[in-house]
Amino acid sequence: MADTTEKAAVKATAGAAPTAPTPAPAPRAARLWRGATPWLFLLAPLALLLTFTYAPIANMVAYSFTDWDGVSPELHYTGAENYAELFTRSELFEVFWVSGYYLAASVFQIVAALYFATVLSFNVRFRNFFKGVLFFPYLINGVAIGFVFLYFFQDGGTLDSVLGLFGVEKDRAWLGTPESANTSLAAVSVWRYLGLNFVLFLGAIQSIPGELYEAAELDGASRWHQFRYIIAPGIKPVLSLTVILSISGSLSVFEIPYIMTGGATGTETFVIQTVKLAFQFNKTGLASAAAVVLLLIVLAVTWVQRRLVPDSADDKRMDLA
């Protein structure tokens, strides 16, 4: 009986596949080189990021504690005097009321972009043409847009001519009062940046698996139900991103009002005011302090928005906790 067992064990061993040899560990130099390779690829972009982003920010923070005029090679440390002047002069923060026009316009812009992205994500005739029409304004240079709409809104300009065809009052000063001027400038911003939000929403919607739409159609779901239960939850991270971009953009508006009005007629924004402090009144130290405050405001608003509306990854972490 023992002999039979031994013979069976020998046959089983002989029939088994040979065990693969364990590979020898890579040399230490090879492991170090493999670990350093990703950092070599990141070296150039990190150098550019430090040189053109973080180094200027550090210099701006340093200048905010000085009385530098932007021209003189000498500058003197003044401590927190610039920040004290900034917070004791209420007129320097009153320009933030102008950002309210752009903030209200950004709400309309997000809603319109989401609507067009949802409609054009389905099979619609000439949808590629409409995609190009919506995205084209974002490709135009901001200076060119400013000059085009400057003539568009001038007295007796294009807008007055078009409205005159419908019997509406002509020769209205669209940029003559703070209310109409800020409304007009905010409308220009909506026209220009609608395409960016549209593309972001469209890409997010098209990344949703098509099987979900097919299953919803089989269950008899309408387009509204597909949007509510499939599209809206699927694009939540992108929607959060567009809200952050809209709020920060509303607080830091510069290009369109600076070109079209130069900040006149009550259209001066915080950034335009900062630029004037630095280059018109030669108060670079105070302007740097204003820029630092604006940066902190944008970061604070972004943090609050992320806390109020966390993305899907944050929701999962909260569920696990």
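First, a word on scope: everything that follows refers to the structure included in this document. Since this is a predicted model, take the numbers as computed values, not measurements.

Here the focus is the pattern of salt bridges. Inspection of every chain in the model, using the stated rule, returns 5 salt bridges. Across the pair Glu91 and Arg89 runs a salt bridge, and its minimum N-O distance is 3.0 Å. Accessibility expressed as a relative area gives 26% for Arg89, which makes it partly exposed. With its nearest N and O atoms 3.7 Å apart, the salt bridge here joins Arg223 to Glu217. Residue classification places Arg223 among the partly exposed residues on the basis of a relative accessible area of 45%.

It is worth spelling out the packing of aromatic side chains at this point. As enumerated under the stated definition, the model contains 17 aromatic pairs in all. Both rings, one in Phe152 and one in Phe153, keep their centres 5.1 Å apart while their planes meet at 85°; by these two values the pair is edge-to-face. Judged by relative accessible area, which is 8%, Phe153 ranks as buried. Among the aromatic residues, those joined into a ring-pair cluster are Phe87, Phe93, Phe96 and Phe270. Across from the ring centre of Phe122, 3.9 Å away, lies the NZ or CZ of Arg223, which sits over that ring.

This next bit is on the nonpolar core. The biggest cluster of nonpolar side chains holds 21 residues, and the ones touching the most others in it are Ala117, Phe198, Phe201, Ile205, Tyr213, Ile231 and Ile235. Mapped onto this core, the elements with two or more residues apiece are α5 (96-120), α9 (178-206), α10 (210-218) and α11 (223-234). Core analysis: the second largest hydrophobic core is formed by 19 residues, Tyr83, Phe96, Leu286 and Val298 among them.

As a volume, the largest pocket reaches approximately 390 Å³. By residue number, the principal contributor to the lining of the largest pocket is α9, which donates 6 residues. Here the residues of the lining of the largest pocket are counted per class, giving 11 nonpolar, 8 polar and 1 charged.

In this section: the packing of helix α6 (residues 127-139) against α9. Remark: α6 packs on α9, axes separated minimally by 6 Å, with the N-to-C direction vectors making an angle of 130°. Viewed along their axes, α6 and α9 adopt a mutual orientation that is oblique. The handedness of the crossing between α6 and α9 is left-handed. The segment α6 lies against α9, with Lys131, Leu134, Phe135, Pro137 and Tyr138 engaging Trp191, Arg192, Tyr193, Leu194, Gly195, Leu196, Phe198, Val199, Leu202 and Gln206.

In this fold, Val95 is placed in the loop between α4 (91-94) and α5. Separated by 172 residues in the primary sequence, Val95 and Thr267 place their C-alpha atoms 8.2 Å from one another. When residues no more than four places from it in sequence are discounted, the contact partners of Val95 are Glu268, Thr269, Phe270 and Gln273.

It is worth spelling out the side chain of Ser246 at this point. With respect to the helices and strands, Ser246 occurs in helix α12 (residues 236-251). Looking at Ser246, the relative accessible area reads 9%, which means it is buried. Among the polar contacts made by the side chain of Ser246, one reaches the main-chain carbonyl oxygen of Thr242 at a distance of 2.8 Å. Beyond its immediate stretch of four places on either side in the chain, Ser246 contacts Ser106, Ile110 and Asn197.

Calculation criteria
Residues numbered from 1 in each chain as written. Predicted model: local features only at pLDDT ≥ 70, side-chain atom pairs only at ≥ 80, totals over all residues. Heavy atoms only, no water. Salt bridge = Lys/Arg side-chain N within 4 Å of Asp/Glu carboxyl O. Buried < 20%, exposed > 50% of the residue type's maximum accessible area, 1.4 Å probe, protein only. Phe/Tyr/Trp six-rings, centres within 6.5 Å; stacked < 30°, edge-to-face > 60°. Lys NZ or Arg CZ within 6 Å of the ring centre and 35° of its normal. Core = buried A, V, L, I, M, F, W, Y, C linked by side-chain atoms within 4.5 Å. Helix = DSSP H or I, 4+ residues; strand = E, 2+ residues; numbered from the N terminus. 1 Å grid on protein atoms, 1.4 Å probe; cavity = no way out; pocket = protein on both sides within 12 Å on 5 of 7 lines; lining within 4 Å. Points joined across faces, edges and corners; volume = space filled by probe spheres on them. Nonpolar A, V, L, I, M, F, W, Y, C, P; charged D, E, K, R; others polar. Axes fitted to C-alpha atoms, helices over the stretch in contact; angles between N-to-C directions. Parallel < 35°, antiparallel > 145°, perpendicular 65-115°, else oblique. Left-handed = near helix turned anticlockwise from the far one by under 90°. Contact = heavy atoms within 4.5 Å. Polar contact = N/O pair within 3.5 Å; in protein donor to acceptor, adjacent residues only side chain to side chain.

Everything listed here is a matter of geometry and, on its own, says nothing about what the molecule does.
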